[in-house]
There are 2 protein chains.
Amino acid sequence: MNLNRLMALRKEKSWSLQYVSDQLGMAKSTYAGYESGYRRPSLEAITAMADLFETSVDYILGRIPDPLTHSHQSGPTNEEPIELSTFPDVTLSIDDINLSQDDLCQFVAFIRARREMEQSCLKKDSALSN
Amino acid sequence: MNLNRLMALRKEKSWSLQYVSDQLGMAKSTYAGYESGYRRPSLEAITAMADLFETSVDYILGRIPDPLTHSHQSGPTNEEPIELSTFPDVTLSIDDINLSQDDLCQFVAFIRARREMEQSCLKKDSALSN
DNA sequence: GAAAAAAGTACGCGTAACGAGAACTTTTCC
DNA sequence: GGAAAAGTTCTCGTTACGCGTACTTTTTTC
């Protein structure tokens, strides 16, 4: 059992170890220990992490593939964007032909590359940064 | 945080403390300690319990009301492929940034173009088709 | 390119709490 | 009513946790 998804969830939000540990009310070394697998969190700690990352304990533990399952009650599921970079357990199709994981990989890579180029152009323009 | 649901799940199945602890490979006093709240289980232990009772860790922890959520893939909501060429009323995102209609247009066009190329190659090879 | 700052990693210590066995109490069965 | 099954509680030895500190690496700033 590993908790690799912790790092993935934190990176998705561009948070530092220091920020997450502050939000969770624990030492940076404690949270870092959880991510690296050097330490195992208590039930209270993993529950707090699931709340912070707005996902489920089952997702963090690798028991289910979908980070958004039931963190928000299922229902009008298209209220929530479907995050493609985590390869969610939904099937997409074009012209009634299902898309493969490869198709999704290529699309995610394409969008990321385009965003990077857009960022480079913005820097050259000397735009205000956040 | 309490684990009262453990006892409820065990009673529903008419299992004894001894039987459950045997199934889980732990001492009876250990499992009884979890049910009474006198002891806190490890992540491995609570995962094993969720598997044994055929439910989720989130349910045992009291985070969700439904014991069957996602232990079995939830309803036909993601059984149905989402047809992208009709620009359905769902929102897709990559790295927490929503995709625009333009992004989707480009992706649909890309997949269609690639399929056409694949068709041309197949005709040239005179390969068996599926 | 160098220095500073930020971020991430690893170690050691004191302590909390875990897992289990044993002994006990309560409930069920005959 | 006694035996068996089930449930509860206590204690001990051991494990591993949480944290502070020090270190390394990466990023940012000038």
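As shown above, the structure is provided for reference.
Residues numbered from 1 in each chain as written. Chains lettered and ligands numbered in written order. Predicted model: local features only at pLDDT ≥ 70, side-chain atom pairs only at ≥ 80, totals over all residues. Heavy atoms only, no water.

(A) Main features of the packing of aromatic side chains. Residues and elements named next belong to chain A. One pass over the full model with this rule turns up 4 aromatic pairs over all chains. Ring plane angle 25 degrees and centroid distance 5.8 Å describe the contact between W15 and F53, whose orientation is recorded as stacked. In this pair, W15 sits in the loop between α1 (4-12) and α2 (17-24) while F53 sits in the loop between α4 (43-52) and α5 (57-60), placing the two residues 38 residues apart along the sequence. For F53, a relative accessible area of 3% puts it in the buried group. The rings of W15, Y19 and F53 are connected pair by pair, giving a single aromatic cluster. (Phe/Tyr/Trp six-rings, centres within 6.5 Å; stacked < 30°, edge-to-face > 60°. Helix = DSSP H or I, 4+ residues; strand = E, 2+ residues; numbered from the N terminus. Buried < 20%, exposed > 50% of the residue type's maximum accessible area, 1.4 Å probe, protein only.)

(B) Local environment of the sheet that holds strand β2 (residues 92-94) of chain B. Here 3 strands make up an open sheet; going across it, the order is β1(A)-β2(B)-β3(B) and the pairing mixed. Looking at which strands have only one partner, the edges of the open sheet turn out to be β1 (82-83) of chain A together with β3 (97-98) of chain B. Direction of pairing for β1 of chain A relative to β2 of chain B: parallel, over a ladder of 2 bridges. Opposite E83 of chain A, over in β2 of chain B, you have S93 of chain B as the bridge partner. (Pairing = 2+ DSSP bridges.)

(C) Spatial organisation of the interface of chain A and chain B. Contact residues are listed per partner, giving 49 residues for chain A and 48 residues for chain B. Scanning the region where chain A abuts chain B turns up 4 salt bridges. As a salt-bridge pair, D51 of chain A and R63 of chain B come within 2.9 Å of each other at their nearest N and O atoms. For the pair chain A and chain B, the interface holds 9 residue pairs in polar contact (both at pLDDT 80 or more). Mapped by element, the contributors of at least two residues to the side of chain A that touches chain B are α4, α5, β1, β2 (92-94), β3 (97-98) and α6 (101-124) of chain A. Broken down by element, the residue count for the side of chain A that touches chain B peaks at 9 residues, all from α6 of chain A. Class assignment for the residues of the side of chain A that touches chain B results in 21 nonpolar, 12 polar and 16 charged. (Contact = heavy atoms within 4.5 Å. Salt bridge = Lys/Arg side-chain N within 4 Å of Asp/Glu carboxyl O. Polar contact = N/O pair within 3.5 Å; in protein donor to acceptor, adjacent residues only side chain to side chain. Nonpolar A, V, L, I, M, F, W, Y, C, P; charged D, E, K, R; others polar.)

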